[in-house]
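Each chain, letter by letter, is given below.
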Amino acid sequence: MKRTLLLALMLLLSTAMFAQSRATLLLETFDSDEMPAGWTITGLGTGNWSIEKSNKAGGSPNELMMYWMPQFNGISRVVSTPVNLTGIESAVFSIKHYFDNYGGTSTIGIATSSDNGATWYSAWEQEYSATGSYEVRENFTTPDMGKTNVLFCIYFNGNSYNINNWYFDNFEVFTQEDLDIKLISVDVPSIINAGELEVNFTVQNMGLTTIESFTVETVNIVDENSGTLAPETFETNLAPFEQAQFTLGTTFNLTPGTYTLPISISEVNGTSDDDMTNNSLTNVFNVAMGTTQKIPMIEHFSSSTCGPCVSVNYTMSQL
């Protein structure tokens, strides 16, 4: 496996050498156990926000959560550290969130401020009434574009009594390149059975131009001495921000052990990608002689008339 790992590192390094800097202006994944350094809570509901060890929004644990208690009616904001928007006329934000509704309609949004929070301009706002997972990605402009020390906030507007919880993760603000593909995931589970492996992977068009083709490079993880495989080109029609899953033409007949599988996208539409920093991923997984599914059963009895049950219900929901 040493040879395979070396080849994986070579692929990643060669990608980085040709990388151009797509401007990621702000990226927060809320992975620490406390509120990110420099982030603040303003307005109402300052005691309602916390970092939870869950991943309901769709990212990796941890994540930001707003709880309905203590009850308030109005606007509550989670405010970022300052961002420099000098020379930037427009940008894109993306965020994942999970809405656990109690009743009625509630509103969340993204806003900017260049006067230390005295004035806020909404970049996006949306009403929600259905419990579920959501992912938002929008181009935006506000009067704060082009200024220094711009604050971003995630805000809630409404009566907190109408919700149970609201979870947020992977908040990113970035400029959009003309041609930019992103390798989202190498879709191989962490443990698989021995035998033939068909490799799926997922990509997303992060640029302004429709992606019509892209070329993938990887290594032969079965034979450590065979090196890189021939590049494989995929034909597609990916609109901006669209995602799709593809399958490598090569399959691998694997015996039990640990394997390192690197995948890198070398060309998009027959030319170099404007941002090569998001074109490579490496998946490390284990192959077993066989696997079996263990299914636990957890039973919990509660009632809407039981006030003290609320905290227990919340714990069970996380579990």
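Okay, so let's go over this structure. (Residues numbered from 1 in each chain as written. Predicted model: local features only at pLDDT ≥ 70, side-chain atom pairs only at ≥ 80, totals over all residues. Heavy atoms only, no water.)

### What about the state of the cysteines?
As used in these notes, a disulfide is a covalent bond between sulfur atoms, one from each of two cysteines. Counted only if it meets this: The term disulfide is used for any two cysteine sulfur atoms that are within 2.5 Å. Exposure classes here rest on a 1.4 Å probe applied to the protein chains alone. A residue is buried below 20% of its type maximum, exposed above 50%, and partly exposed in between.
Taken as a whole, this structure holds one disulfide when the rule is applied. Note that Cys306 is cross-linked by a disulfide to Cys309, the S-S spacing being 2.0 Å. Sign of the S-S torsion, about 80 degrees for the bond between Cys306 and Cys309, identifies this disulfide as right-handed. Exposure remark for Cys306: the relative accessible area of 24% places this residue in the partly exposed category.

### Here's the deal with the sheet that holds strand 10 (residues 151-159)
Worth spelling out the cut-off: By the convention used here, strands pair only if DSSP detects at least 2 bridges between them. Helix and strand definitions here come from DSSP, where helices need a minimum of 4 consecutive H or I residues and strands a minimum of 2 consecutive E residues; each element is numbered from the N-terminal end. An axis is simply a line fitted to the C-alpha atoms; with a helix, the fit covers only the stretch in contact. Between two such axes, the angle follows the N-to-C directions and lies from 0 to 180 degrees.
The strand order 2-5-10-7-8 describes an open sheet built from five strands, whose pairing is antiparallel. Lying at the two open borders of the sheet, with one neighbouring strand each, are strand 2 (40-43) and strand 8 (121-128). Averaged over all adjacent pairs, the angle separating strand axes in this sheet is 20 degrees, with direction ignored. Across seven bridges, strand 7 (residues 106-113) lies against strand 8 in antiparallel orientation. Across the sheet, Ile110 pairs through a bridge with Trp124, a residue of strand 8.

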